[in-house]
Amino acid sequence: MDPHGSTWEAWDTVSGERVLLRVSGDGEPLHADLAGLAALPLPVRPSSADWPHLRTSAIACSLADLLPIDLPPGPVWTARLALGVFAALSAIHATGHAHGWVSAESVVSRVEGWTLAWLGPVEGAAMVDDVRAASTLVAGFDPDGPIGELVAGFADDPPPSAADATRLLLHACATTLAAEHHALVRRARALGAASGRARLRRLAGRLHGSTPPPRARGRIAVDADSIALTVESDGVEIRGAHGLGAATPPAAGFVVWGRSGLDPVSARLLLRAWARREGADEDPDVAALMRWLAAASRLRVDLLLLAARG
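Residues numbered from 1 in each chain as written. Predicted model: local features only at pLDDT ≥ 70, side-chain atom pairs only at ≥ 80, totals over all residues. Heavy atoms only, no water.

Here the focus is the side chain of Ser-297. Secondary-structure assignment places Ser-297 in helix α7 (residues 284-309). Of the residues examined, Ser-297 reaches a relative accessible area of 17% and is grouped as buried. Excluding anything up to four places from it in sequence, Ser-297 contacts Leu-262, Ala-267 and Leu-271. (Helix = DSSP H or I, 4+ residues; strand = E, 2+ residues; numbered from the N terminus. Buried < 20%, exposed > 50% of the residue type's maximum accessible area, 1.4 Å probe, protein only. Contact = heavy atoms within 4.5 Å.)

Shown next as structure tokens:
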């Protein structure tokens, strides 16, 4: 209520719309300088029907209807509220008037989002007080978020105008949105890489046991003391052995591949000896077995690296 009238909330019994009415207290028209206000986010319509009043309609609910809010509504909801309130406040200030009663009752929701209901100038109202009141109202919904922290500073040190506050809000929203976008992209890339590694691990695991070693037996190398390094595979187990002129590994030889998988030390011994052989006739079966053993060694290393990456 102000010296020139009082504001009421009501329902239009003809249209069914929720409306706000500002009624003259002395029977005189409330303001004659309301030209151009139809362009506001929530237009003000003067009327001198049975009694002079100003009205605004198309209101879904007011912010006061939702209070108290137990849990913080979050930065997105707060950003929509802040941008709607300050954009409407900028439009009102552009007419040369202050709002005068920025509060949970004057912040209303429409189809387009949050905005300010206004019913003409209030005597003694100041634009800077509007900015402070809007800032205090918005900051309470997101005290620890980027929007709440920004507008909280407006209460103590308000920008020169509501339009400046709106520009600062838009910049903060753009910065926050960019940061969230980058975080989302990084997360998507990390998930994609993790999914790819998981698929590769499954493929390598299936490959690890899909092909048994080929059958072969023969000599790999003979050193200067005529000590032969031999290998034998029965299709399930690979064994190696050292011996004087041995043509096949003895039972006391070492296991290179068996039930527990590949023994890397024994595999490296055979592969290095095979790589250093000189002038020996190459047995094609033994050559195939050594190629299989080299592939199994590389696969083992790949599986270890994939496991280390998680």
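On we go.
What follows covers unusual backbone geometry. A cis amide bond links Leu-67 to the next residue, Pro-68, at an omega of 0°. Inspection of the secondary structure assignment puts Pro-68 in the loop between α1 (63-66) and α2 (75-94).

Turning our attention to the sheet that holds strand β6 (residues 107-110). An order of β5-β6-β7 is seen for the three strands of this open sheet, with the pairing classed as antiparallel. For this open sheet the edge positions go to β5 (61-62) and β7 (113-116), each flanked by a neighbour on one side alone. Relative to β6, β5 is paired through two bridges, and the arrangement is antiparallel. Pairing of Ser-62 across the sheet is with Val-108, part of β6. Across the face of the sheet, α2 comes into contact with β6 and β7 while running at roughly 35° to β7. (Pairing = 2+ DSSP bridges. Axes fitted to C-alpha atoms, helices over the stretch in contact; angles between N-to-C directions.)

One can find Gly-153 in helix α4 (residues 146-156). Assessed through its relative accessible area of 34%, Gly-153 is described here as partly exposed. Separated by 21 residues in the primary sequence, Gly-153 and Arg-132 have C-alpha atoms spaced 9.3 Å apart.

A cluster of nonpolar residues, Leu-66, Leu-67 and Ile-69, forms a patch on the protein surface that exposes about 210 Å² of accessible area. Mapped onto the elements, Ile-69 comes out in the loop between α1 and α2. (Patch = residues over 30% accessible without salt bridge, like charges linked within 9 Å, V, L, I, M, F, W, Y side chains within 5 Å. Areas by Shrake-Rupley, 256 points an atom, 1.4 Å probe, with all protein chains shown as cover. Salt bridge = Lys/Arg side-chain N within 4 Å of Asp/Glu carboxyl O.)

This paragraph deals with the side chain of Thr-78. Locating Thr-78 in the fold gives a position in helix α2. Residue classification places Thr-78 among the buried positions, given a relative accessible area of 0%. Of note is the side chain of Thr-78, whose polar atom sits 2.7 Å from the backbone oxygen of Gly-74. Not counting residues up to four positions away in its chain, the partners in contact with Thr-78 are Pro-73, Val-138, Phe-141, Asp-142 and Ile-147. (Polar contact = N/O pair within 3.5 Å; in protein donor to acceptor, adjacent residues only side chain to side chain.)

The end-to-end C-alpha distance of α7, which contains 26 residues, comes to 38 Å, matching closely the 38 Å that a straight helix rising 1.5 Å per residue would cover. Capping of α7 at its N-terminal end is provided by Asp-283; its side-chain oxygen lies 2.9 Å from the backbone amide nitrogen of Asp-285. (Expected span 1.5 Å × (residues − 1).)

On to the confidence of the model for the protein chain. Close reading of the predicted structure is inappropriate where its pLDDT is low. A residue-level look at the protein chain finds 75% of positions with pLDDT of 70 or above and a mean pLDDT of 79. No element of the protein chain has a lower mean pLDDT than strand β3 (residues 45-47), at 56, and none a higher one than helix α3 (residues 127-139), at 91. Contacts for the low-pLDDT stretch residues 32-36, under 50 throughout, to residues beyond four places or in other chains number four contacts. (pLDDT = per-residue confidence, 0-100.)

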